[in-house]
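Chain residues, written in single-letter form:
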Amino acid sequence: YRRAFARFKLGQTDEAEEDARMVLEREPKDSAALKLMRNIQQEREQILQSQKKRFAGMFAPPPDHVQEPPVEPPEVDFDDIPDVVLEEDEEIYLNDTPWYWRMLGY
């Protein structure tokens, strides 16, 4: 019983319960062991309730959360975009470098 009580006070409820059960197997009417078992069960219930309260909204969205519908991209009229026409020997330069040199890393 003393080891069970010490473990209970140290917060080792599983081990305390195991020891208290061993005491109750030998002496089922031991009032101190019965009281300790009740205390262990109450401690576990309190821990369970505090955990439920602490983790209640962890995985659920908040109640005022409303998912907005996705935004559609605007329609683009490609007829309004002017065509770029290059002459045969004309190249496109970006910062005085041909565009294909930039692609190759030059």
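Here, the structure is the one placed above.
Residues numbered from 1 in each chain as written. Predicted model: local features only at pLDDT ≥ 70, side-chain atom pairs only at ≥ 80, totals over all residues. Heavy atoms only, no water.

Student: What should I look at first to understand the pattern of salt bridges in this one?
Tutor: By the definition in use, this model includes 5 salt bridges. With a closest N to O distance of 3.0 Å, Asp19 and Arg3 form a salt bridge. Taken together, the residues Asp19 in helix α2 (residues 13-26) and Arg3 in helix α1 (residues 2-9) connect sequence positions 16 residues apart. Here Glu17 ties to Arg21 by a salt bridge, and the two come within 2.5 Å at their closest N and O atoms. With a gap of 4 residues between them, Glu17 and Arg21 both fall in helix α2, about one helical turn apart. (Salt bridge = Lys/Arg side-chain N within 4 Å of Asp/Glu carboxyl O. Helix = DSSP H or I, 4+ residues; strand = E, 2+ residues; numbered from the N terminus.)

Student: How should the packing of α1 against helix α3 (residues 31-54) be read in this particular structure?
Tutor: Viewed as axis vectors pointing N to C, α1 and α3 meet at an angle of 20°, and their least axial separation amounts to 11 Å. Overall, the two elements α1 and α3 adopt an arrangement that is roughly parallel. When you trace α1 past α3, the crossing you get is left-handed. Contact residues: Ala4, Phe5 and Phe8 in α1; Leu36, Asn39, Ile40 and Glu43 in α3. (Axes fitted to C-alpha atoms, helices over the stretch in contact; angles between N-to-C directions. Parallel < 35°, antiparallel > 145°, perpendicular 65-115°, else oblique. Left-handed = near helix turned anticlockwise from the far one by under 90°. Contact = heavy atoms within 4.5 Å.)

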